[in-house]
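# Residue-level structure breakdown
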There are 2 protein chains.
Amino acid sequence: MSVEAVMKETSLDHESRAIEGDHDALRLWLRMLTCTSLIETEIRARMRTTFRCTLPRFDLMAQLARHPEGLKMGEISRRLMVTGGNVTGITDQLVKEALVTREALANDRRAYLVKLTPAGRKAFQCMAQEHEQWVADLLGTLPEHGRRELHELLGDLKNGLARKHPEH
Amino acid sequence: MSVEAVMKETSLDHESRAIEGDHDALRLWLRMLTCTSLIETEIRARMRTTFRCTLPRFDLMAQLARHPEGLKMGEISRRLMVTGGNVTGITDQLVKEALVTREALANDRRAYLVKLTPAGRKAFQCMAQEHEQWVADLLGTLPEHGRRELHELLGDLKNGLARKHPEH
């Protein structure tokens, strides 16, 4: 499904929520959400069509690719902000397809260490390469200087958010 | 939970996924995802703490607030990109709390029209006001000219994405 089709069919356009008198920060936030959702929806669709792969599965493999020494199930859950149940389900499937191994740790019987197999690493690299092309394609709608400016502004925002200590 | 705590505990920082040699577009995309996730996670937490309200529930009420004439269940699902099941569950709960009404349509017995009650409208307005303050607070970490630039760049990106007709 094209980005345009998604926008038309689903009102994924969060900006349509903004009504007159709304604060400019709210408009900015809804626009951020819209852009992120559009790109994510498109990547999700391409990942499904091209590799029959979900985004959580891709993200889990990406975490394992970054940690050749392996990750504990609990660490993967924390990194992916999903429930332990989801991580277990995805990992079960990946083990079945021989893309990851799951070994009990000698010093902690309740903990399991998960690693990509060589086949899993190869499969991930192939998907990651395509994924990068898709992202370049989608963000390439902005000229290079625009992308650089956007990167800097979002860097300032990210740092500002990290410095914040909300009272809540 | 503060934004900082979220970043520390969960590696919500998608940029940590970027490894050397990655395309600049990928870095930009991961930074966008990081900023969006940080803000969304914070808003979700404040919504829960302050109003015991989930984001999907708030979004559903926001859609109804924009459509005083009412929305069909199917329309709400499409607008929220969630399954019909979720919309049904949230609507059931809102009906129970007398914040929305759900009436069968005369010309289509299988379709239901959902509307905010006056109490529902008041409850939503109260939450929306707070929500706007939170967003202003979180995005206020950027100076005004930065927010304006960001708004423009994301507008260009959004237009570029909408013009795109990917072959996939």
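Residues numbered from 1 in each chain as written. Chains lettered and ligands numbered in written order. Predicted model: local features only at pLDDT ≥ 70, side-chain atom pairs only at ≥ 80, totals over all residues.

### A closer look at the overall build of chain A
The helix and strand tally for chain A stands at seven helices and three strands. Mapped in sequence order, the helices and strands of chain A form the string α-α-α-β-α-α-β-β-α-α. The proportion of buried residues among the 168 residues of chain A is 28%. Considering only residue pairs separated by 6 or more positions, chain A has 43% of its internal contacts joining residues 24 or more positions apart. (Helix = DSSP H or I, 4+ residues; strand = E, 2+ residues; numbered from the N terminus. Buried ≥ 20, exposed ≤ 12 C-beta atoms within 10 Å, placed from the backbone. Contact = placed C-beta atoms within 7 Å.)

### Remarks on the domain arrangement of chain A
All names here are of chain A. Entries for chain A in the domain assignment read domain 1 (1-52) and domain 2 (54-168). Taken residue by residue, the interface counts eight residues in domain 1 and seven residues in domain 2. For the side of domain 1 that touches domain 2, a count of residues per class yields four nonpolar, one polar and three charged. (Domains from an automatic or database assignment. Nonpolar A, V, L, I, M, F, W, Y, C, P; charged D, E, K, R; others polar.)

### Regarding the nonpolar core
If you look at soluble globular proteins, the nonpolar side chains tend to sit buried side by side. Counting residues in hydrophobic clusters, the biggest one holds 36 residues, and the most contacted among them are Trp29(A), Val135(A), Leu139(A), Trp29(B), Val135(B) and Leu139(B). Of all the secondary structure elements, the ones that give two or more residues to this core are α2 (24-51), α6 (118-139) and α7 (144-163) of chain A together with α2 (24-51), α6 (118-139) and α7 (144-163) of chain B. Setting aside residues no more than four positions away along its own chain, Trp29(B) makes contact with Ile39(A), Val135(A) and Leu139(A). (Core = buried A, V, L, I, M, F, W, Y, C linked by C-beta atoms within 7 Å.)

### As for the packing of α2(B) against α6(B)
Residue and element names in this part refer to chain B. Two elements in contact, α2 and α6, have axes whose closest approach is 11 Å; the angle formed by their N-to-C orientations is 145°. Two packed elements cross with a definite hand, and for α2 against α6 that hand is right-handed. On α6, the residues touching Ile 39, Glu 42, Ile 43, Arg 46, Thr 50 and Phe 51 of α2 are Met 127, Glu 130, His 131, Trp 134 and Leu 138. In terms of residue class, the contact of α2 with α6 is built from six nonpolar, two polar and three charged. (Axes fitted to C-alpha atoms, helices over the stretch in contact; angles between N-to-C directions. Left-handed = near helix turned anticlockwise from the far one by under 90°.)

### Notes on the sheet that holds strand β3 (residues 108-116) of chain B
In a beta sheet, neighbouring strands are held together by backbone hydrogen bonds and run either parallel or antiparallel to one another. Residues and elements named next belong to chain B. Strand order in the open sheet made by the three strands is β1-β3-β2, with antiparallel pairing throughout. At either margin of the open sheet sits one strand with a lone partner, and together these are β1 (71-72) and β2 (100-105). Relative to β3, β2 runs antiparallel, the two being bridged by six bridges. Directly across from Val 100, in β3, lies its bridge partner Leu 116. (Pairing = 2+ DSSP bridges.)

### Topic: the pairing of strand β3 (residues 108-116) of chain A
All names here are of chain A. Judged from the two bridges that link them, strand β1 (residues 71-72) and β3 form a sheet pairing that is antiparallel. Across the sheet, residue Lys 72 finds its bridge partner in β3, namely Leu 113. Connecting strand β2 (residues 100-105) to the next strand, β3, in antiparallel fashion are two residues.

### Concerning the environment of Ala98(A)
Residue and element names in this part refer to chain A. With respect to the helices and strands, Ala 98 occurs in the loop between α5 (84-96) and β2. When the C-alpha positions of Ala 98 and Leu 116 are compared, they lie 8.8 Å apart, and in sequence the two are 18 residues distant. Here Ala 98 is in contact with Thr 117 and Ala 119, once residues within four sequence places are set aside.

### Topic: the confidence of the model for chain A
All names here are of chain A. Confidence in the prediction of chain A, expressed as mean pLDDT, is 86, and 82% of residues score 70 or more. Mean pLDDT values over the elements of chain A span from 53, in helix α1 (residues 3-10), up to 96, in α6. With pTM at 0.81, the complex prediction returns an ipTM value of 0.82. (pLDDT = per-residue confidence, 0-100.)

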